[in-house]
Amino acid sequence: MTVNNESALGFGHFIAQSDVVGKSLLAILVLMSVASWAIIAIKGLTLIARQRRSASFLNFFWNATSLDAVAGEIATHGARDPFSHLTSHAMHAQAHHARYGAAKLEEAGSSSEFVTRTIKKVLDEETTRLENGLAVLATVGATAPFVGLFGTVWGVYHALVAIGMSGSGTLDKVAGPVGEALIMTGLGLAVAIPAVMGYNWLTRANRVMVSKLDAFAYELHTFVSMGQPLGTESGASASVRSLPSRQSPVAA
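Residues numbered from 1 in each chain as written. Predicted model: local features only at pLDDT ≥ 70, side-chain atom pairs only at ≥ 80, totals over all residues. Heavy atoms only, no water.

A. Local environment of the overall build of the chain. Within the chain, the regular secondary structure consists of ten helices and zero strands. Taken from N to C terminus, the helices and strands of the chain fall in the order α-α-α-α-α-α-α-α-α-α. Burial statistics for the chain: of 252 residues in total, 33% are counted as buried. Contacts spanning at least 24 positions in sequence make up 77% of the contacts within the chain whose residues lie at least 6 apart. (Helix = DSSP H or I, 4+ residues; strand = E, 2+ residues; numbered from the N terminus. Buried < 20%, exposed > 50% of the residue type's maximum accessible area, 1.4 Å probe, protein only. Contact = heavy atoms within 4.5 Å.)

Here it is in structure tokens:
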């Protein structure tokens, strides 16, 4: 009879004996786990694709003979990564201001100032896009252990009440139900650990991407504001060549 009781204990027995609160907490942990793994998978695959496309575009950009060639590449294949997206908006802003001037308040100032504001706006949009979903991972990583702990406390409470009502306080009667209640704490940790690791990984990758975008934006603004074919010997071109090169860290 003792063997049968021991074999009956476990996760299935714990769920079967749980009330509405215990089952609700378990459902919350399951939803947290599904959401965190989905975000990690989707953003991870998106990050890998974005890095490959960015590397391909940057390689083309730095080997292009003119911005017209870059514009043609973007028109052909579209802006599929943050760098081509930033380049497309910057060149469009420069062309728009050169054609229409400061027709509206948002276009006030020189062409260089308008391009600068456009670049900053696109950088903010890209940063926001990169950070989408990270708040969910942070929330899951921070709250899942406490949800599991709450489930454990709730399970221990009901186990002790049942033991007290039965009048039997032997070790085998106490250890089984209390041990089952600890399952919720383990589940909470199992949900939180992947979420925290995924959050740290994606945050670091996004930080690197934003840093490269900032460096690329500096060079892009120079080329777009120059508005001349590469290789000319004008004063503007000479001043660009005198600037410290930042191509290497961007293309890395």
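B. Just the packing of aromatic side chains, in detail. The final tally for this structure, using the stated rule, is eight aromatic pairs. Taking the centre distance of 5.0 Å and the plane angle of 70 degrees together, the rings of F61 and F216 count as edge-to-face. Of this pair, F61 sits in helix α3 (residues 20–63) while F216 is found in helix α8 (residues 171–226), placing the two residues 155 residues apart along the sequence. By relative accessible area, F61 is classed as buried at 6%. (Phe/Tyr/Trp six-rings, centres within 6.5 Å; stacked < 30°, edge-to-face > 60°.)

C. View of a nonpolar patch on the surface. A cluster of nonpolar side chains, contributed by F146, L149 and V153, occupies part of the molecular surface with about 310 Å² of accessible area. Along the chain, F146 falls in helix α7 (residues 134–166). (Patch = residues over 30% accessible without salt bridge, like charges linked within 9 Å, V, L, I, M, F, W, Y side chains within 5 Å. Areas by Shrake-Rupley, 256 points an atom, 1.4 Å probe, with all protein chains shown as cover. Salt bridge = Lys/Arg side-chain N within 4 Å of Asp/Glu carboxyl O.)

D. Quick peek at empty space enclosed by the protein. Enumeration according to the criterion identifies one cavity of 30 Å³ or more in this entry. Of the voids in this model, the largest cavity is the one considered here, and its volume is about 40 Å³. Around the largest cavity sit K43, T46, L47, R50, L130, L202 and N206, which together line it. At the level of secondary structure, the elements contributing two or more residues to the lining of the largest cavity comprise α3 and α8. (1 Å grid on protein atoms, 1.4 Å probe; cavity = no way out; pocket = protein on both sides within 12 Å on 5 of 7 lines; lining within 4 Å. Points joined across faces, edges and corners; volume = space filled by probe spheres on them.)

E. Representation of helix α6 (residues 111–131) within the structure. Its 21 residues give α6 an end-to-end C-alpha distance of 30 Å, which sits within 8% of 30 Å, the value for a rise of 1.5 Å per residue. Regarding α6, the residues found buried are F114, V115, T118, I119, V122, L123, E126 and L130. Phi turns positive one or two residues past the end of α6, at G133, with a value near 90 degrees. (Expected span 1.5 Å × (residues − 1).)

F. Geometry of the side chain of T87. Here T87 shows up in helix α5 (residues 82–100). Separated by 2.8 Å, the side chain of T87 and the backbone oxygen of F83 make a polar contact. Setting aside anything within four residues of it in sequence, one finds T87 in contact with F57, F61, V70, I74, F216 and L220. (Polar contact = N/O pair within 3.5 Å; in protein donor to acceptor, adjacent residues only side chain to side chain.)

G. Just the side chain of S84, in detail. Tracing the chain through its elements places S84 in helix α5. A distance of 2.9 Å separates polar atoms of two side chains, one belonging to S84 and the other to D81. Among residues more than four places away in sequence, those in contact with S84 are F57, I74, G78 and A79.

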